[in-house]
Amino acid sequence: MHSTASSPAPEWLVVPDDANDLVPSVWPVSARRADDGELFIGGVSAGDLAREYGTPLQVLDEAEVRRRAAGLRGAFDAAAAAHGTTARIYYAGKALLNTSIVRWVREEGLNVDVCTGGELEVALAAGADAANLGFHGNNKSAAELERAVEVGVGTIIIDSTIEIQRLAEIVVRTGAQQRVMLRVNSGVHAETHDFLATAHEDQKFGFPLTEAPAAVARIRETPGLVFTGLHCHIGSQIFGVAGFRESAARVLDLHQQLLAGGDIPQLNLGGGFGIAYTRVDDPVPITELADGIVAAVAEECARRGISVPALAFEPGRAIIGNAGVTLYEVGTTKDVALGVGTRCYVSVDGGMSDNARPALYGAQYSARIASRTSAADPVLVRVVGKHCESGDIVVDHEHLPGDVAPGDLLAVAATGAYCAPLSSNYNHVPRPPIVAVRDGASRVIVRGESMRDLLARDAGITQ
Ligand code: LLP
(Lines give C-alpha, C1' and ligand atoms only; values in the text may rest on other atoms or scores of the structure.)
Protein backbone atom coordinates (compact mmCIF):
# COMPACT_ATOMS: atom_id res chain seq x y z
CA MET A 1 0.00 0.00 0.00
CA HIS A 2 2.69 2.51 -0.92
CA SER A 3 2.00 5.73 -2.70
CA THR A 4 3.90 6.39 -5.88
CA ALA A 5 6.35 9.26 -6.29
CA SER A 6 3.80 11.30 -8.20
CA SER A 7 0.66 10.70 -6.16
CA PRO A 8 -0.37 10.20 -2.53
CA ALA A 9 -2.73 7.43 -3.70
CA PRO A 10 -1.72 3.87 -2.82
CA GLU A 11 -0.67 1.69 -5.76
CA TRP A 12 -3.71 -0.58 -5.49
CA LEU A 13 -6.17 2.27 -5.90
CA VAL A 14 -7.41 2.44 -9.49
CA VAL A 15 -8.50 5.81 -10.87
CA PRO A 16 -12.00 4.94 -12.12
CA ASP A 17 -13.18 5.88 -15.61
CA ASP A 18 -16.35 7.05 -13.92
CA ALA A 19 -16.26 8.10 -10.26
CA ASN A 20 -20.03 7.51 -10.05
CA ASP A 21 -19.88 3.81 -10.89
CA LEU A 22 -21.17 1.12 -8.55
CA VAL A 23 -18.82 -1.87 -8.65
CA PRO A 24 -21.10 -4.94 -8.59
CA SER A 25 -18.93 -7.02 -6.25
CA VAL A 26 -18.99 -4.27 -3.62
CA TRP A 27 -22.59 -2.94 -3.72
CA PRO A 28 -25.86 -4.82 -3.14
CA VAL A 29 -27.38 -6.24 -6.34
CA SER A 30 -30.26 -3.77 -5.98
CA ALA A 31 -27.96 -0.70 -6.01
CA ARG A 32 -28.64 1.44 -9.07
CA ARG A 33 -28.66 5.02 -10.26
CA ALA A 34 -31.96 6.63 -11.28
CA ASP A 35 -32.08 8.74 -14.46
CA ASP A 36 -31.23 11.85 -12.47
CA GLY A 37 -28.24 10.05 -10.92
CA GLU A 38 -29.65 9.43 -7.46
CA LEU A 39 -28.65 6.16 -5.77
CA PHE A 40 -31.39 3.64 -4.98
CA ILE A 41 -30.95 0.65 -2.63
CA GLY A 42 -33.70 -1.95 -2.40
CA GLY A 43 -35.85 0.32 -4.55
CA VAL A 44 -35.64 3.26 -2.10
CA SER A 45 -33.79 6.48 -2.94
CA ALA A 46 -30.94 7.74 -0.81
CA GLY A 47 -32.65 11.12 -0.58
CA ASP A 48 -35.90 9.66 0.72
CA LEU A 49 -34.01 7.60 3.28
CA ALA A 50 -32.02 10.61 4.48
CA ARG A 51 -35.13 12.81 4.68
CA GLU A 52 -37.13 10.21 6.59
CA TYR A 53 -34.51 8.90 9.01
CA GLY A 54 -31.69 11.46 8.96
CA THR A 55 -27.97 10.80 8.58
CA PRO A 56 -25.82 8.97 9.36
CA LEU A 57 -27.99 5.98 8.57
CA GLN A 58 -27.20 2.28 8.40
CA VAL A 59 -29.22 0.86 5.49
CA LEU A 60 -29.63 -2.88 5.18
CA ASP A 61 -30.86 -4.51 1.98
CA GLU A 62 -33.07 -7.37 3.18
CA ALA A 63 -33.16 -9.11 -0.20
CA GLU A 64 -29.36 -9.07 -0.33
CA VAL A 65 -29.10 -10.70 3.11
CA ARG A 66 -31.60 -13.37 2.10
CA ARG A 67 -29.94 -13.89 -1.31
CA ARG A 68 -26.54 -14.42 0.27
CA ALA A 69 -27.87 -16.62 3.08
CA ALA A 70 -29.78 -18.78 0.60
CA GLY A 71 -26.80 -18.83 -1.77
CA LEU A 72 -24.48 -20.12 0.92
CA ARG A 73 -26.95 -22.72 2.09
CA GLY A 74 -27.62 -23.92 -1.47
CA ALA A 75 -23.94 -24.03 -2.38
CA PHE A 76 -22.91 -26.00 0.70
CA ASP A 77 -25.95 -28.29 0.53
CA ALA A 78 -25.06 -29.21 -3.05
CA ALA A 79 -21.35 -29.61 -2.35
CA ALA A 80 -22.01 -31.76 0.72
CA ALA A 81 -24.54 -33.95 -1.10
CA ALA A 82 -21.98 -34.57 -3.84
CA HIS A 83 -19.71 -36.08 -1.19
CA GLY A 84 -22.37 -38.04 0.67
CA THR A 85 -22.64 -35.72 3.64
CA THR A 86 -24.58 -32.68 4.86
CA ALA A 87 -23.62 -29.11 5.72
CA ARG A 88 -25.30 -26.72 8.15
CA ILE A 89 -24.75 -22.99 7.87
CA TYR A 90 -24.77 -21.00 11.10
CA TYR A 91 -25.03 -17.23 10.64
CA ALA A 92 -22.31 -15.71 12.88
CA GLY A 93 -24.39 -13.18 14.78
CA LYS A 94 -21.37 -11.22 15.96
CA ALA A 95 -21.20 -9.64 12.48
CA LEU A 96 -24.58 -7.91 13.06
CA LEU A 97 -27.40 -9.14 15.23
CA ASN A 98 -30.97 -8.04 15.75
CA THR A 99 -34.27 -9.91 15.78
CA SER A 100 -35.12 -9.04 12.15
CA ILE A 101 -31.88 -10.52 10.84
CA VAL A 102 -32.35 -13.64 12.94
CA ARG A 103 -35.80 -14.11 11.36
CA TRP A 104 -34.51 -13.53 7.82
CA VAL A 105 -31.69 -16.06 8.08
CA ARG A 106 -33.91 -18.58 9.86
CA GLU A 107 -36.44 -18.25 7.03
CA GLU A 108 -33.61 -18.96 4.59
CA GLY A 109 -32.84 -22.18 6.46
CA LEU A 110 -29.79 -21.09 8.46
CA ASN A 111 -28.93 -21.74 12.08
CA VAL A 112 -27.48 -18.96 14.22
CA ASP A 113 -24.21 -18.78 16.14
CA VAL A 114 -24.05 -16.55 19.23
CA CYS A 115 -21.03 -15.79 21.39
CA THR A 116 -22.39 -14.10 24.52
CA GLY A 117 -25.42 -14.24 26.77
CA GLY A 118 -26.58 -11.00 25.14
CA GLU A 119 -26.45 -12.43 21.62
CA LEU A 120 -28.26 -15.51 22.91
CA GLU A 121 -31.10 -13.35 24.24
CA VAL A 122 -31.47 -11.57 20.89
CA ALA A 123 -31.74 -14.89 19.06
CA LEU A 124 -34.30 -16.16 21.59
CA ALA A 125 -36.26 -12.89 21.43
CA ALA A 126 -36.51 -13.41 17.66
CA GLY A 127 -38.20 -16.74 18.32
CA ALA A 128 -35.25 -18.83 17.15
CA ASP A 129 -35.47 -22.48 18.10
CA ALA A 130 -32.71 -22.87 20.71
CA ALA A 131 -31.91 -26.30 19.29
CA ASN A 132 -30.66 -24.52 16.14
CA LEU A 133 -28.22 -22.27 17.98
CA GLY A 134 -24.49 -22.66 18.49
CA PHE A 135 -22.92 -20.92 21.50
CA HIS A 136 -19.28 -19.79 21.34
CA GLY A 137 -17.00 -17.77 23.54
CA ASN A 138 -13.73 -18.15 25.40
CA ASN A 139 -15.16 -16.89 28.69
CA LYS A 140 -18.76 -17.98 29.04
CA SER A 141 -19.81 -17.35 32.62
CA ALA A 142 -21.52 -19.98 34.75
CA ALA A 143 -24.72 -17.91 34.44
CA GLU A 144 -24.46 -17.80 30.63
CA LEU A 145 -23.89 -21.56 30.47
CA GLU A 146 -26.76 -22.22 32.87
CA ARG A 147 -29.09 -20.15 30.68
CA ALA A 148 -27.89 -21.89 27.51
CA VAL A 149 -28.49 -25.35 28.99
CA GLU A 150 -31.85 -24.30 30.44
CA VAL A 151 -33.21 -23.01 27.11
CA GLY A 152 -31.81 -26.01 25.22
CA VAL A 153 -29.09 -24.48 23.04
CA GLY A 154 -28.27 -27.06 20.36
CA THR A 155 -24.48 -26.98 20.59
CA ILE A 156 -22.13 -25.34 23.05
CA ILE A 157 -18.63 -24.94 21.66
CA ILE A 158 -16.28 -25.52 24.58
CA ASP A 159 -13.19 -23.34 24.72
CA SER A 160 -11.37 -24.24 27.95
CA THR A 161 -10.90 -26.88 30.64
CA ILE A 162 -12.60 -24.61 33.16
CA GLU A 163 -15.63 -24.48 30.88
CA ILE A 164 -15.83 -28.30 30.87
CA GLN A 165 -15.95 -28.18 34.69
CA ARG A 166 -18.57 -25.41 34.70
CA LEU A 167 -20.75 -27.22 32.23
CA ALA A 168 -20.31 -30.60 33.95
CA GLU A 169 -21.51 -29.08 37.22
CA ILE A 170 -24.65 -27.75 35.49
CA VAL A 171 -25.61 -30.91 33.59
CA VAL A 172 -24.94 -33.19 36.54
CA ARG A 173 -27.07 -30.96 38.81
CA THR A 174 -29.93 -30.46 36.34
CA GLY A 175 -29.86 -33.85 34.64
CA ALA A 176 -29.71 -32.14 31.23
CA GLN A 177 -28.17 -33.74 28.15
CA GLN A 178 -26.00 -31.12 26.42
CA ARG A 179 -24.40 -31.53 23.02
CA VAL A 180 -20.95 -29.95 22.87
CA MET A 181 -18.10 -29.48 20.43
CA LEU A 182 -14.48 -28.74 21.30
CA ARG A 183 -12.83 -25.70 19.73
CA VAL A 184 -9.29 -26.49 18.64
CA ASN A 185 -6.57 -24.33 17.30
CA SER A 186 -5.10 -25.83 14.14
CA GLY A 187 -2.21 -23.37 13.94
CA VAL A 188 -3.36 -22.16 10.53
CA HIS A 189 -3.57 -18.38 10.24
CA ALA A 190 -5.45 -17.59 7.12
CA GLU A 191 -4.92 -13.84 7.29
CA THR A 192 -1.19 -14.08 7.18
CA HIS A 193 -1.12 -16.73 4.45
CA ASP A 194 1.24 -18.52 6.76
CA PHE A 195 0.07 -22.06 7.28
CA LEU A 196 2.99 -23.10 9.47
CA ALA A 197 1.97 -24.37 12.87
CA THR A 198 3.89 -23.03 15.79
CA ALA A 199 4.49 -25.28 18.77
CA HIS A 200 2.52 -23.03 21.09
CA GLU A 201 -0.21 -20.85 19.77
CA ASP A 202 -0.04 -17.48 21.44
CA GLN A 203 -3.76 -16.61 21.38
CA LYS A 204 -6.78 -17.07 23.59
CA PHE A 205 -9.15 -19.28 21.57
CA GLY A 206 -9.49 -23.04 21.69
CA PHE A 207 -7.31 -25.97 22.65
CA PRO A 208 -3.94 -26.74 21.07
CA LEU A 209 -4.30 -29.94 19.03
CA THR A 210 -2.00 -31.76 21.45
CA GLU A 211 -4.20 -30.96 24.47
CA ALA A 212 -7.51 -31.79 22.83
CA PRO A 213 -7.51 -35.59 23.43
CA ALA A 214 -7.44 -35.13 27.21
CA ALA A 215 -10.22 -32.55 27.04
CA VAL A 216 -12.37 -34.81 24.84
CA ALA A 217 -11.78 -37.71 27.24
CA ARG A 218 -13.07 -35.54 30.10
CA ILE A 219 -16.15 -34.59 28.11
CA ARG A 220 -16.81 -38.19 27.17
CA GLU A 221 -16.60 -39.38 30.74
CA THR A 222 -19.04 -36.70 31.97
CA PRO A 223 -22.62 -38.00 32.06
CA GLY A 224 -24.84 -35.37 30.47
CA LEU A 225 -22.22 -34.04 28.04
CA VAL A 226 -22.51 -35.41 24.51
CA PHE A 227 -19.38 -34.86 22.42
CA THR A 228 -20.39 -34.26 18.78
CA GLY A 229 -17.14 -33.11 17.19
CA LEU A 230 -14.31 -30.65 16.70
CA HIS A 231 -14.58 -26.99 15.81
CA CYS A 232 -11.93 -24.80 14.23
CA HIS A 233 -12.12 -21.19 12.97
CA ILE A 234 -9.00 -19.96 11.21
CA GLY A 235 -9.74 -16.27 10.76
CA SER A 236 -11.63 -13.77 8.67
CA GLN A 237 -11.62 -12.22 5.18
CA ILE A 238 -10.19 -15.44 3.70
CA PHE A 239 -10.01 -15.70 -0.09
CA GLY A 240 -9.68 -19.26 -1.32
CA VAL A 241 -9.66 -22.85 -0.18
CA ALA A 242 -6.02 -23.51 0.79
CA GLY A 243 -6.26 -22.35 4.41
CA PHE A 244 -9.42 -24.38 5.01
CA ARG A 245 -7.83 -27.47 3.46
CA GLU A 246 -4.70 -27.20 5.58
CA SER A 247 -6.66 -26.60 8.74
CA ALA A 248 -9.12 -29.43 7.98
CA ALA A 249 -6.22 -31.82 7.36
CA ARG A 250 -4.74 -31.09 10.78
CA VAL A 251 -8.08 -31.26 12.58
CA LEU A 252 -8.97 -34.51 10.78
CA ASP A 253 -5.77 -36.13 12.08
CA LEU A 254 -7.11 -35.45 15.56
CA HIS A 255 -10.65 -36.44 14.57
CA GLN A 256 -9.34 -39.78 13.30
CA GLN A 257 -7.40 -40.37 16.49
CA LEU A 258 -10.48 -39.58 18.62
CA LEU A 259 -12.65 -42.02 16.65
CA ALA A 260 -11.01 -44.76 18.72
CA GLY A 261 -13.06 -43.48 21.68
CA GLY A 262 -16.44 -43.35 19.92
CA ASP A 263 -18.43 -41.91 17.04
CA ILE A 264 -17.85 -38.26 16.04
CA PRO A 265 -20.75 -37.14 13.88
CA GLN A 266 -19.74 -33.53 13.12
CA LEU A 267 -16.95 -31.18 12.04
CA ASN A 268 -17.33 -27.40 12.19
CA LEU A 269 -14.81 -25.42 10.13
CA GLY A 270 -15.90 -21.96 11.28
CA GLY A 271 -16.47 -18.88 9.13
CA GLY A 272 -14.28 -16.26 7.55
CA PHE A 273 -15.28 -16.23 3.86
CA GLY A 274 -13.95 -13.00 2.36
CA ILE A 275 -15.96 -10.25 0.66
CA ALA A 276 -15.21 -7.29 -1.62
CA TYR A 277 -14.80 -3.96 0.16
CA THR A 278 -13.13 -2.28 -2.81
CA ARG A 279 -12.91 -3.05 -6.51
CA VAL A 280 -9.56 -4.77 -6.06
CA ASP A 281 -10.93 -7.43 -3.68
CA ASP A 282 -11.73 -10.56 -5.67
CA PRO A 283 -13.57 -13.15 -3.56
CA VAL A 284 -14.01 -16.65 -4.97
CA PRO A 285 -17.65 -17.21 -6.00
CA ILE A 286 -19.46 -18.97 -3.18
CA THR A 287 -20.28 -22.12 -5.17
CA GLU A 288 -16.60 -22.52 -6.06
CA LEU A 289 -15.59 -21.98 -2.44
CA ALA A 290 -18.17 -24.49 -1.15
CA ASP A 291 -17.19 -27.10 -3.75
CA GLY A 292 -13.50 -26.57 -3.05
CA ILE A 293 -13.72 -26.76 0.73
CA VAL A 294 -16.05 -29.76 0.86
CA ALA A 295 -14.02 -31.62 -1.80
CA ALA A 296 -10.84 -30.93 0.19
CA VAL A 297 -12.41 -32.28 3.38
CA ALA A 298 -13.72 -35.36 1.52
CA GLU A 299 -10.26 -36.01 0.05
CA GLU A 300 -8.59 -35.69 3.43
CA CYS A 301 -11.15 -38.10 4.92
CA ALA A 302 -10.63 -40.60 2.08
CA ARG A 303 -6.88 -40.43 2.59
CA ARG A 304 -7.42 -41.44 6.23
CA GLY A 305 -10.04 -44.05 5.40
CA ILE A 306 -12.69 -42.36 7.53
CA SER A 307 -16.21 -41.30 6.60
CA VAL A 308 -16.96 -37.64 5.97
CA PRO A 309 -18.65 -36.14 9.05
CA ALA A 310 -21.63 -33.82 8.85
CA LEU A 311 -20.12 -30.39 8.21
CA ALA A 312 -20.95 -26.99 9.65
CA PHE A 313 -19.78 -23.49 8.73
CA GLU A 314 -20.26 -20.11 10.42
CA PRO A 315 -20.06 -17.21 7.97
CA GLY A 316 -21.00 -13.74 9.21
CA ARG A 317 -19.46 -11.13 6.92
CA ALA A 318 -20.22 -13.09 3.72
CA ILE A 319 -23.93 -12.87 4.52
CA ILE A 320 -24.34 -9.38 5.95
CA GLY A 321 -21.31 -7.34 4.81
CA ASN A 322 -22.30 -6.26 1.30
CA ALA A 323 -25.96 -5.90 2.29
CA GLY A 324 -25.11 -2.84 4.38
CA VAL A 325 -24.64 0.70 3.06
CA THR A 326 -24.08 3.70 5.32
CA LEU A 327 -25.46 7.08 4.26
CA TYR A 328 -23.77 10.23 5.50
CA GLU A 329 -24.10 13.90 4.67
CA VAL A 330 -20.99 15.80 3.65
CA GLY A 331 -20.36 18.71 6.03
CA THR A 332 -17.04 20.19 4.95
CA THR A 333 -14.36 19.59 2.35
CA LYS A 334 -10.75 20.65 2.58
CA ASP A 335 -7.89 20.33 0.08
CA VAL A 336 -4.65 19.45 1.81
CA ALA A 337 -1.49 19.97 -0.26
CA LEU A 338 1.00 17.16 0.28
CA GLY A 339 4.64 16.87 -0.78
CA VAL A 340 3.31 15.25 -3.91
CA GLY A 341 -0.22 16.03 -4.99
CA THR A 342 -3.26 17.01 -3.01
CA ARG A 343 -5.74 15.09 -0.93
CA CYS A 344 -9.28 16.30 -0.48
CA TYR A 345 -10.59 15.60 3.03
CA VAL A 346 -14.35 15.06 2.92
CA SER A 347 -15.89 15.27 6.40
CA VAL A 348 -19.16 13.49 7.09
CA ASP A 349 -21.59 13.52 10.01
CA GLY A 350 -20.59 10.14 11.50
CA GLY A 351 -17.24 8.40 11.69
CA MET A 352 -15.40 6.01 13.95
CA SER A 353 -18.42 5.85 16.29
CA ASP A 354 -20.45 4.07 13.58
CA ASN A 355 -17.53 2.38 11.80
CA ALA A 356 -14.43 1.69 13.88
CA ARG A 357 -12.95 -0.77 11.37
CA PRO A 358 -10.65 1.65 9.51
CA ALA A 359 -9.24 2.87 12.84
CA LEU A 360 -9.05 -0.61 14.37
CA TYR A 361 -7.82 -2.67 11.43
CA GLY A 362 -6.83 -0.22 8.71
CA ALA A 363 -9.87 -1.53 6.82
CA GLN A 364 -10.53 -0.12 3.35
CA TYR A 365 -13.97 0.88 2.02
CA SER A 366 -15.55 2.35 -1.10
CA ALA A 367 -17.71 5.49 -1.29
CA ARG A 368 -19.90 7.23 -3.86
CA ILE A 369 -21.91 10.42 -3.94
CA ALA A 370 -25.45 9.11 -3.44
CA SER A 371 -27.61 12.17 -4.13
CA ARG A 372 -26.42 12.78 -7.70
CA THR A 373 -23.90 11.84 -10.34
CA SER A 374 -21.30 14.30 -11.54
CA ALA A 375 -19.21 14.70 -14.67
CA ALA A 376 -16.41 16.41 -12.71
CA ASP A 377 -13.00 14.77 -12.94
CA PRO A 378 -12.23 12.29 -10.12
CA VAL A 379 -10.11 13.58 -7.25
CA LEU A 380 -8.35 11.62 -4.55
CA VAL A 381 -10.30 11.90 -1.30
CA ARG A 382 -10.14 10.68 2.25
CA VAL A 383 -13.57 10.49 3.87
CA VAL A 384 -13.30 11.35 7.55
CA GLY A 385 -15.74 11.60 10.44
CA LYS A 386 -16.62 14.30 12.94
CA HIS A 387 -14.70 12.89 15.89
CA CYS A 388 -11.87 14.59 17.73
CA GLU A 389 -9.22 12.23 16.50
CA SER A 390 -7.06 12.21 13.38
CA GLY A 391 -7.48 8.42 13.01
CA ASP A 392 -11.21 8.99 12.55
CA ILE A 393 -11.22 7.71 8.97
CA VAL A 394 -14.30 6.36 7.18
CA VAL A 395 -12.81 5.71 3.73
CA ASP A 396 -9.04 5.97 3.61
CA HIS A 397 -8.52 6.17 -0.17
CA GLU A 398 -11.18 6.79 -2.78
CA HIS A 399 -11.81 8.82 -5.91
CA LEU A 400 -14.90 10.99 -5.98
CA PRO A 401 -16.05 13.59 -8.48
CA GLY A 402 -14.04 16.76 -7.86
CA ASP A 403 -17.13 18.87 -7.17
CA VAL A 404 -18.08 16.87 -4.05
CA ALA A 405 -19.51 19.49 -1.70
CA PRO A 406 -21.32 20.15 1.59
CA GLY A 407 -24.88 18.85 1.44
CA ASP A 408 -24.05 15.90 -0.82
CA LEU A 409 -25.18 12.55 0.46
CA LEU A 410 -22.36 10.05 0.56
CA ALA A 411 -22.88 6.27 0.53
CA VAL A 412 -20.22 3.93 1.92
CA ALA A 413 -20.57 0.33 0.73
CA ALA A 414 -20.12 -3.00 2.51
CA THR A 415 -20.74 -1.67 6.02
CA GLY A 416 -23.11 -4.47 7.04
CA ALA A 417 -20.59 -6.50 9.03
CA TYR A 418 -18.86 -5.50 12.27
CA CYS A 419 -19.78 -1.80 12.03
CA ALA A 420 -22.93 -1.43 14.16
CA PRO A 421 -21.72 -4.14 16.60
CA LEU A 422 -18.48 -2.22 17.19
CA SER A 423 -20.19 1.17 17.34
CA SER A 424 -19.76 3.52 20.29
CA ASN A 425 -20.91 6.86 21.65
CA TYR A 426 -17.44 8.37 21.35
CA ASN A 427 -17.69 12.14 21.71
CA HIS A 428 -21.34 11.65 22.72
CA VAL A 429 -22.45 10.92 19.21
CA PRO A 430 -25.69 8.89 19.15
CA ARG A 431 -25.71 5.58 17.29
CA PRO A 432 -27.60 5.73 13.98
CA PRO A 433 -30.75 3.71 13.31
CA ILE A 434 -30.66 0.58 11.18
CA VAL A 435 -33.25 0.70 8.41
CA ALA A 436 -34.16 -2.27 6.24
CA VAL A 437 -35.05 -1.65 2.59
CA ARG A 438 -36.90 -4.07 0.35
CA ASP A 439 -39.05 -3.75 -2.79
CA GLY A 440 -39.23 0.03 -2.59
CA ALA A 441 -40.19 0.17 1.10
CA SER A 442 -38.14 0.97 4.20
CA ARG A 443 -38.60 0.33 7.91
CA VAL A 444 -36.60 0.84 11.09
CA ILE A 445 -35.32 -2.45 12.49
CA VAL A 446 -33.14 -0.92 15.21
CA ARG A 447 -34.04 2.58 16.35
CA GLY A 448 -31.38 5.24 16.52
CA GLU A 449 -30.24 6.76 19.78
CA SER A 450 -31.47 10.19 20.83
CA MET A 451 -29.72 12.82 22.95
CA ARG A 452 -32.09 11.73 25.70
CA ASP A 453 -30.70 8.17 25.44
CA LEU A 454 -27.19 9.55 25.71
CA LEU A 455 -27.96 11.62 28.81
CA ALA A 456 -30.05 8.89 30.45
CA ARG A 457 -27.09 7.05 32.02
CA ASP A 458 -25.54 10.13 33.58
CA ALA A 459 -26.48 9.86 37.24
CA GLY A 460 -25.75 13.57 37.74
CA ILE A 461 -28.71 14.61 35.55
CA THR A 462 -31.84 14.69 37.65
CA GLN A 463 -34.72 15.81 35.40
N1 LLP B 1 -16.98 -18.26 13.85
C2 LLP B 1 -16.15 -17.86 14.82
C3 LLP B 1 -15.78 -18.79 15.89
C4 LLP B 1 -15.65 -16.55 14.82
O5 LLP B 1 -14.83 -16.17 15.78
C6 LLP B 1 -16.02 -15.67 13.78
C7 LLP B 1 -15.52 -14.30 13.76
C8 LLP B 1 -16.89 -16.12 12.79
C9 LLP B 1 -17.35 -17.43 12.86
C10 LLP B 1 -17.38 -15.25 11.67
O11 LLP B 1 -16.35 -14.75 10.87
P12 LLP B 1 -16.71 -14.01 9.49
O13 LLP B 1 -17.34 -15.02 8.57
O14 LLP B 1 -17.69 -12.92 9.79
O15 LLP B 1 -15.42 -13.48 9.01
N16 LLP B 1 -14.26 -7.51 14.06
C17 LLP B 1 -13.45 -8.10 13.02
C18 LLP B 1 -13.81 -9.52 12.78
C19 LLP B 1 -13.78 -10.35 14.03
C20 LLP B 1 -14.20 -11.74 13.71
C21 LLP B 1 -14.42 -12.49 14.95
N22 LLP B 1 -14.84 -13.82 14.72
C23 LLP B 1 -13.61 -7.30 11.74
O24 LLP B 1 -14.35 -6.33 11.77
O25 LLP B 1 -13.02 -7.62 10.72
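With that out of the way, let us pick up the side chain of Gln 58. Residue position: Gln 58 is located in strand β6 (residues 57-61). In this structure Gln 58 comes out as buried when scored by relative accessible area, which is 6%. Once residues within four sequence positions are removed from consideration, Gln 58 is found in contact with Gly 324, Val 325, Thr 326, Thr 415, Gly 416, Cys 419, Ala 420, Pro 432, Pro 433, Ile 434 and Val 435.

A few words on the site of the ligand. Surrounding the ligand, one finds 18 residues, the nearest of these being Ser 236, Glu 314, Arg 357, Tyr 361 and Tyr 418. One nitrogen or oxygen atom from the side chain of Glu 314 is found 2.7 Å from a nitrogen atom belonging to the ligand. Tyr 418 places a polar side-chain atom, nitrogen or oxygen, 2.6 Å from an oxygen atom of the ligand. For the ligand, whose unbound accessible area comes to 580 Å², protein coverage reaches 86%. Broken down by class, the residue content of the shell around the ligand amounts to 5 nonpolar, 7 polar and 6 charged. Two domains share the shell around the ligand, each providing at least three of its residues, namely domain 1 (32-61 + 323-456) and domain 2 (82-320).

Here we come to the packing of aromatic side chains. On inspection of all chains with the given rule, the structure shows 5 aromatic pairs. Seen from their ring centres, Tyr 277 and Tyr 365 are 5.2 Å apart, and the 80 degrees between their planes marks the pair as edge-to-face. Here Tyr 277 is found in the loop between β14 (266-268) and α9 (286-304), whereas its partner Tyr 365 is found in the loop between α11 (357-361) and β18 (367-369), with 88 residues between them in sequence. The exposure class of Tyr 365 is buried, given its relative accessible area of 0%. Through a chain of ring-to-ring contacts, the aromatic side chains of Phe 76, Phe 244, Phe 273 and Phe 313 assemble into a single cluster. Over the ring of Phe 40 we find Arg 32, and its NZ or CZ is 4.6 Å from the ring centre. Over the ring of Phe 135 we find Lys 140; its NZ or CZ atom is 5.8 Å from the centre of that ring.

So, about the sheet that holds strand β4 (residues 39-41). Taken together, 3 strands build an open sheet; the order of strands is β3-β4-β5 and the sheet is antiparallel. A strand with exactly one partner marks an edge of an open sheet, and here the two such strands are β3 (32-33) and β5 (44-45). Here β4 runs beside β5; their pairing, made up of 2 bridges, is antiparallel. Bridged to Ile 41 within β5 is Val 44.

This brings us to the domain arrangement of the protein. Taken domain by domain, the protein comprises domain 1 (32-61 + 323-456) and domain 2 (82-320). Taking only C-alpha atoms, the centre of domain 1 and the centre of domain 2 are 34 Å apart. Tallying the contact residues gives 19 residues for domain 1 and 14 residues for domain 2. Of the roughly 1,400 Å² buried where domain 1 meets domain 2, counting both sides, 59% is carbon and sulfur surface. In terms of surface lost to domain 2, no three residues of domain 1 exceed Leu 60, Ala 417 and Tyr 418, which account for 31% of the buried area on that side. At the surface where domain 1 touches domain 2, the tally comes to 0 salt bridges. Those elements that provide at least two residues to the side of domain 1 that touches domain 2 are β22 (434-438) and β23 (441-446).

With that out of the way, let us pick up the side chain of Arg 343. Relative to the assigned elements, Arg 343 resides in strand β17 (residues 342-348). What Arg 343 contacts, discounting residues up to four positions off in sequence, is Pro 8, Lys 334, Asp 335, Val 336, Leu 338, Leu 380, Val 381, Arg 382, Asp 396 and His 397.

A few words on the environment of Gly 272. Counting through the fold element by element, Gly 272 comes out in the loop between β14 and α9. Between the C-alpha atoms of Gly 272 and Phe 313, which are 41 residues apart in sequence, the distance is 9.2 Å. Non-local contacts of Gly 272, meaning those with residues more than four positions away in its chain, are made with His 233, Gly 235, Ser 236, Gln 237 and Ile 238.

Taken as a whole, helix α5 (residues 142-151) has its buried residues at Leu 145, Ala 148 and Val 149. Down the axis of α5, the buried side of the element spans an arc of 95 degrees, and every buried residue falls inside it. Exposed and oriented more than 90 degrees from the buried face of α5 are Ala 143 and Glu 150. On its buried side, α5 packs onto α4 (117-125), β9 (133-135), β10 (155-158), α6 (161-174) and β11 (178-185). Where α5 ends, the next residue or the one after it, Gly 152, has phi of about 85 degrees, a positive value.

This part takes up the pairing of strand β16 (residues 324-337). As paired elements, β6 and β16 share 4 bridges and run antiparallel to each other. Bridge assignment links Leu 60 to a residue of β16, and that residue is Gly 324. Sheet analysis places β16 next to strand β21 (residues 409-413), joined by 5 bridges and oriented antiparallel. When the bridges of β21 are listed, Thr 326 appears paired with Val 412.

A cis amide bond, omega -5 degrees, links Thr 55 with the succeeding residue Pro 56. Here Pro 56 is to be found in the loop between α1 (46-53) and β6. With a phi angle near 55 degrees, Gln 237 is a residue other than glycine that sits in the positive phi range. Position of Gln 237 relative to the elements: it lies in the loop between β13 (225-231) and α8 (242-258). Of note, His 428 is a non-glycine position whose phi angle comes to about 55 degrees, a positive value.

Calculation criteria
Residues numbered from 1 in each chain as written. Predicted model: local features only at pLDDT ≥ 70, side-chain atom pairs only at ≥ 80, totals over all residues. Heavy atoms only, no water. Helix = DSSP H or I, 4+ residues; strand = E, 2+ residues; numbered from the N terminus. Buried < 20%, exposed > 50% of the residue type's maximum accessible area, 1.4 Å probe, protein only. Contact = heavy atoms within 4.5 Å. Near = heavy atom within 4 Å. Polar contact = N/O pair within 3.5 Å; in protein donor to acceptor, adjacent residues only side chain to side chain. Areas by Shrake-Rupley, 256 points an atom, 1.4 Å probe, with all protein chains shown as cover. Nonpolar A, V, L, I, M, F, W, Y, C, P; charged D, E, K, R; others polar. Domains from an automatic or database assignment. Phe/Tyr/Trp six-rings, centres within 6.5 Å; stacked < 30°, edge-to-face > 60°. Lys NZ or Arg CZ within 6 Å of the ring centre and 35° of its normal. Pairing = 2+ DSSP bridges. Buried area = accessible area lost by both parts, 1.4 Å probe. Salt bridge = Lys/Arg side-chain N within 4 Å of Asp/Glu carboxyl O. Arc of directions from axis to C-beta.

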